[in-house]
Amino acid sequence: MSFKKVEIENLQFNPFTKIGKEWLLISAGNKEKNNTMTASWGAMGVIWGKNAITVYVRPQRYTKEFLDREETFTISVLPEEYRKALTYCGKVCGKGIDKIKEAGLTAYPVDGTTAIEEAELIFVCKKMYHNEITPEGIQEESIDAANYPAKDYHTMYIAEITQVLVKEK
């Protein structure tokens, strides 16, 4: 499969649907060692004059090791036919296995990092900022109680979208 580079300004989709309902795969690492995880939390917009995406990762996720170590990562948006693979990647840890392969997916090397070849849309991202979410910063107690009963607060990563790739048909 091949992808073509497109200008971000030409994209037309609803980020609320893409992120919250269709889900995303966050992938990081190189050709030899990489991992991916499903995400249904995130945001897209402009910050510091750059097109950006924000993702959130819990401390126990294996992909976090790659995100912390590497400068770049990808966001892959897959068609609905890969819902089972997305569910698998959200539940299974990639330590000790090739999670991408086990999910029936294919690692796709791009710009020194890894994406998912079955994606219809790939965002190549360069980290600009990260920080831990803290209970002190959460304004509503019910949000903390509902989302963090184990007190495993997410790390928030803000990244510049450096390249957008769309699958060629």
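Not measured: the values here are computed from a predicted model. (Residues numbered from 1 in each chain as written. Predicted model: local features only at pLDDT ≥ 70, side-chain atom pairs only at ≥ 80, totals over all residues. Heavy atoms only, no water.)

Asker: Can you tell me about the nonpolar core, naming the residues and giving the values?
Answerer: Counting residues in each nonpolar core, the largest one holds 23 residues, and the members touching the most others are Ile26, Phe73, Ile75 and Phe123. At the level of secondary structure, the elements contributing two or more residues to this core comprise β2 (24-29), β3 (34-39), β5 (50-57), α2 (62-69), β6 (72-77), β9 (121-132) and β10 (155-167). Element by element, the count of residues in this core is highest for β10, at four residues. Not counting chain neighbours up to four residues away, the residues in contact with Ile26 comprise Asn35, Thr36, Met37, Ala39, Val55, Val57, Thr63, Leu67, Phe73, Thr74 and Ile75. Core analysis: the second largest hydrophobic core is formed by 17 residues, Tyr108, Ile116, Val124 and Leu165 among them. (Core = buried A, V, L, I, M, F, W, Y, C linked by side-chain atoms within 4.5 Å. Buried < 20%, exposed > 50% of the residue type's maximum accessible area, 1.4 Å probe, protein only. Helix = DSSP H or I, 4+ residues; strand = E, 2+ residues; numbered from the N terminus. Contact = heavy atoms within 4.5 Å.)

Asker: Report on unusual backbone geometry, specifying residues and quantitative values.
Answerer: The phi dihedral of Trp48 falls on the positive side, at around 55°, and the residue is not glycine. Relative accessible area serves as the criterion here: at 55%, Trp48 is assigned to the exposed category. A positive phi angle, near 60°, is found at Lys151, a position not held by glycine.

Asker: How would you sum up the side chain of Lys64? Please name residues and give values.
Answerer: Among the structural elements, Lys64 can be located in helix α2. The buried category is assigned to Lys64, whose relative accessible area is 11%. Here Lys64 is in contact with Val57, Arg58, Pro59, Glu132, Thr155 and Tyr157, once residues within four sequence places are set aside.

Asker: Quick one: what's the story with the pattern of salt bridges, residue by residue and with numbers?
Answerer: For the coordinates displayed, the defined rule picks out nine salt bridges. For the salt bridge of Lys95 with Glu65, the shortest nitrogen-to-oxygen distance reads 3.4 Å. Here the residue Lys95 occupies a position in the loop between α3 (83-91) and α4 (99-102), and Glu65 occupies one in helix α2, the gap between them amounting to 30 residues. The residue Glu80 makes a salt bridge to Arg83 at a minimum N-O spacing of 3.1 Å. (Salt bridge = Lys/Arg side-chain N within 4 Å of Asp/Glu carboxyl O.)

Asker: Describe α2, listing the residues and the values that go with them.
Answerer: An α-helical segment advances 3.6 residues per turn. Residues three or four places apart therefore align on the same side. Residues of α2 that are buried: Tyr62, Thr63, Lys64, Phe66 and Leu67. If you follow the buried residues of α2, they end up packed against β2, β3, β5, β6, β9 and β10.

Asker: Explain the side chain of Ser76 to me, and be specific about the residues and the numbers.
Answerer: Among the secondary structure elements, Ser76 is positioned in strand β6. In this structure Ser76 comes out as buried when scored by relative accessible area, which is 0%. Among the polar contacts listed, one links the side chain of Ser76 to the backbone nitrogen of Ile116, at a separation of 3.2 Å. Setting aside residues no more than four positions away along its own chain, Ser76 makes contact with Leu24, Leu25, Ala115, Ile116, Ala119, Leu121 and Ile122. (Polar contact = N/O pair within 3.5 Å; in protein donor to acceptor, adjacent residues only side chain to side chain.)

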